[in-house]
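Reading the structure
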Amino acid sequence: MAKIAVMGAGSWGTTFAKVLADNPANQVMLWARRDDIADEINTDNRNGDYLPGIALPKTLAASTDVAEVLSGATQVYLSVPSQSLRDNLEEWGSLLPKDAIVVSLMKGVEKDTGLRMSEVIEKVAGVDPSRICVVSGPNLSLEIAAEEPTASVASSVSEETRTAVAEAASNEYFTTFTNKDVIGTEFGGILKNLIAVAIGIVNGVGYGQNTKASIMTRGLAEVTRFAVAYGAKEKTMVGLAGLGDLIATSESSLSRNHKAGEMLGKGYTLREVQRRMAQTAEGLSSVAPILQLAKTKGISMPIVEQVQLVLDGKMNPRDIAPHLTHGADGPIGE
Ligand SMILES: NC(=O)C1=CN([C@@H]2O[C@H](COP(=O)(O)OP(=O)(O)OC[C@H]3O[C@@H](n4cnc5c(N)ncnc54)[C@H](O)[C@@H]3O)[C@@H](O)[C@H]2O)C=CC1
Ligand SMILES: O=C(CO)COP(=O)(O)O
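Residues numbered from 1 in each chain as written. Chains lettered and ligands numbered in written order. Predicted model: local features only at pLDDT ≥ 70, side-chain atom pairs only at ≥ 80, totals over all residues.

**Topic: the domain arrangement of the protein chain**
Parsing the protein chain into structural domains produces domain 1 (2-180) and domain 2 (190-325). Each partner contributes residues to the interface: domain 1 has 22 residues there, and domain 2 has 23 residues. Of all the secondary structure elements, the ones that give two or more residues to the side of domain 1 that touches domain 2 are helix 6 (141-145), strand 7 (150-155) and strand 8 (174-179). Residue contributions to the side of domain 1 that touches domain 2 peak at 3 residues, all from strand 7. When grouped by side-chain class, the residues that make up the side of domain 1 that touches domain 2 number 8 nonpolar, 10 polar and 4 charged. (Domains from an automatic or database assignment. Contact = placed C-beta atoms within 7 Å. Helix = DSSP H or I, 4+ residues; strand = E, 2+ residues; numbered from the N terminus. Nonpolar A, V, L, I, M, F, W, Y, C, P; charged D, E, K, R; others polar.)

Right under this line is the structure:
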């Protein structure tokens, strides 16, 4: 049996550990920051704070000891907030098994550098790109933890790596496909969070389906223009990791990015929203670095720019919708 490590026992790390442990070929160990969470997983097979009502596989073990979790792992899945990954890797670096495949489950860019998580893994932990993989798709954790049928994508420049991850991360209710467009797969997950915040805002304001469908569609055109300019394949942006994830996240009450947007739309300030969010809403931290990257390449991102104005308290959320549905250039399918 292959030993697999999952780092981060929040909602996605725990869910993904369950996905992996529900494949009988894997022996899975989960790293938790908190002792109480590791104890609850080991004794009650539950993680009540993050996945209420979900029974975890009895074979899933948890520990707060990084060395114990990483030792002998052939695949290491990372599921911490994007803004903490650099520090985590600096701390764990020497404990990462030399030949292990390292998989990013995260959907954010680093605030200060604009780097995607696969780039942080390569630069900070010195992992060769052939051993790096990203997994992304329409993957709301609570639905998957409840074993609702779902698909995802494993992407790596190495066929061997993406195939190994897809095999490990598939079971009766979860199917992982493969592609080699790492940039598109990763940007799909990052950028849909920003559109989900925009749709949450107009939902909070009280607009209906026409406004939201318009923003979702114009949003897809906007994020596709950005991702393609950075080397993504247009096809990826209409696949599971692009359009698929945009649909899942934009409208779901389970989405933290949608929820954060909704609070902004109801008039809460960014500071209040951050205080009320118990879980990670990556979109809030990714807006500024994505706009910086857009500026570098001269790409117009009208929807994301309006979101930034609302986050900065410079635009009343009530004024956002008209701007979001006109003014975008470069239509993809209009
Ligand atoms: N929850 C979901 O449905 C999905 C989440 N993701 C992505 O997975 C990543 C993780 O998100 P979630 O698990 O949902 O977030 P979460 O907020 O549920 O959990 C975050 C985990 O990271 C830990 N953590 C927080 N600060 C830390 C630090 N400084 N060092 C180490 N660990 C720290 C927390 O203790 C917690 O275990 C994000 O990038 C998110 O976009 C991707 C797909 C689905
Ligand atoms: O990435 C996700 C679904 O694919 C989870 O979305 P949130 O981070 O907005 O909850």
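Picking up where we left off.
**Some points on the site of ligand 2**
In the vicinity of ligand 2, 13 residues are found, and the nearest of them are Asn139, Thr249, Ser255, Arg256 and Asn257. Of all the elements in the fold, those that place two or more residues in the shell around ligand 2 are helix 8 (182-205), helix 11 (240-251) and helix 12 (256-265). Broken down by element, the shell around ligand 2 gets its largest block of residues, 3 residues, from helix 11. Tallied by class, residues from the shell around ligand 2 come to 4 nonpolar, 5 polar and 4 charged. Composition of the shell around ligand 2 by domain shows at least three residues from each of domain 1 (2-180) and domain 2 (190-325). (Near = placed C-beta within 6 Å.)

**Re the nonpolar core**
Formed by 105 residues in total, the largest nonpolar core has its most connected members in Val6, Leu30 and Ile195. Looking at this core element by element, the count peaks at 13 residues for helix 8. Split by domain, this core shows at least three residues from each of two domains, domain 1 (2-180) and domain 2 (190-325). If near-sequence neighbours (up to four positions away) are discounted, valine 6 is found in contact with Gly13, Phe16, Ala17, Leu20, Val28, Leu30, Trp31, Tyr77 and Ser79. (Core = buried A, V, L, I, M, F, W, Y, C linked by C-beta atoms within 7 Å. Buried ≥ 20, exposed ≤ 12 C-beta atoms within 10 Å, placed from the backbone.)

**Considerations on the UniProt feature "active site" (unreviewed entry) in the protein chain**
This chain's UniProt record puts "active site" (unreviewed entry) on Lys192. Within the secondary structure, lysine 192 sits in helix 8. For lysine 192, the contacting residues outside a window of four places in its chain are Val223, Asp245, Leu246 and Thr249. (UniProt positions renumbered as here; feature names shortened; annotations may be inferred.)

**Observations concerning the sheet that holds strand 3 (residues 61-63)**
An order of 3-2-1-4-5-6-7-8 is seen for the 8 strands of this open sheet, with the pairing classed as mixed. Pairing within the sheet leaves two strands with one partner each, and these edge strands are strand 3 and strand 8. Neighbouring strand axes in the sheet, compared pairwise and without regard to direction, differ in orientation by 25° on average. Where strand 1 (residues 2-7) and strand 2 (residues 26-31) come together, 6 bridges link them in parallel fashion. Paired with alanine 5 across the strands is methionine 29, a residue of strand 2. Together, strand 1, strand 2, strand 4 (75-78), strand 5 (101-104), strand 6 (132-136), strand 7 and strand 8 form the strand contacts of helix 7 (residues 159-168), whose direction differs from that of strand 8 by roughly 170°. (Pairing = 2+ DSSP bridges. Axes fitted to C-alpha atoms, helices over the stretch in contact; angles between N-to-C directions.)

**A look at the site of ligand 1**
Residues in close proximity to ligand 1 total 24 residues, the closest being Gly10, Trp12, Ser84, Met106 and Ser141. Examining the composition of the shell around ligand 1, we find that 3 residues originate from one element, helix 1 (residues 11-21), more than from any other. Classifying every residue of the shell around ligand 1 by side-chain character gives 8 nonpolar, 13 polar and 3 charged. Split by domain, the residues of the shell around ligand 1 number at least three in each of domain 1 (2-180) and domain 2 (190-325).

**Let's talk about the environment of tryptophan 31**
Looking at the element boundaries, tryptophan 31 is found in strand 2. Taking C-alpha positions, tryptophan 31 is 9.9 Å from alanine 17, a pair spaced 14 residues apart along the chain.

**Side note on the UniProt feature "binding site: sn-glycerol 3-phosphate" (unreviewed entry) in the protein chain**
The UniProt entry lists Lys107, Gly137, Lys192, Asp245, Ser255, Arg256 and Asn257 under the feature "binding site: sn-glycerol 3-phosphate" (unreviewed entry), expressed in the numbering used here. Relative to the helices and strands, arginine 256 is located in helix 12. Judged by the 24 C-beta atoms lying within 10 Å of it, arginine 256 is buried. Each residue touching arginine 256, except ones within four places of it in the same chain, is listed here: Met277, Gln279, Thr280 and Ala281.

**Looking at the environment of proline 302**
Mapped onto the fold, proline 302 is located in helix 15 (residues 302-311). In this structure proline 302 comes out as partly exposed when scored by C-beta crowding, with 17 C-beta atoms within 10 Å. Sequence spacing of proline 302 and threonine 269 is 33 residues, and the spatial spacing of their C-alpha atoms is 21 Å.

**Digging into helix 11**
Every α-helical turn comprises 3.6 residues, leaving residues that sit three or four positions apart pointing alike. For helix 11, spanning 12 residues, the distance from its first C-alpha to its last is 16 Å, which sits close to the expected 16 Å at 1.5 Å a residue. Judged by how many residues are buried, helix 11 sits mostly within the fold: 10 of 12 residues are covered. Burial in helix 11 covers these residues: Leu240, Ala241, Gly242, Leu243, Gly244, Asp245, Leu246, Ala248, Thr249 and Ser250. (Expected span 1.5 Å × (residues − 1).)

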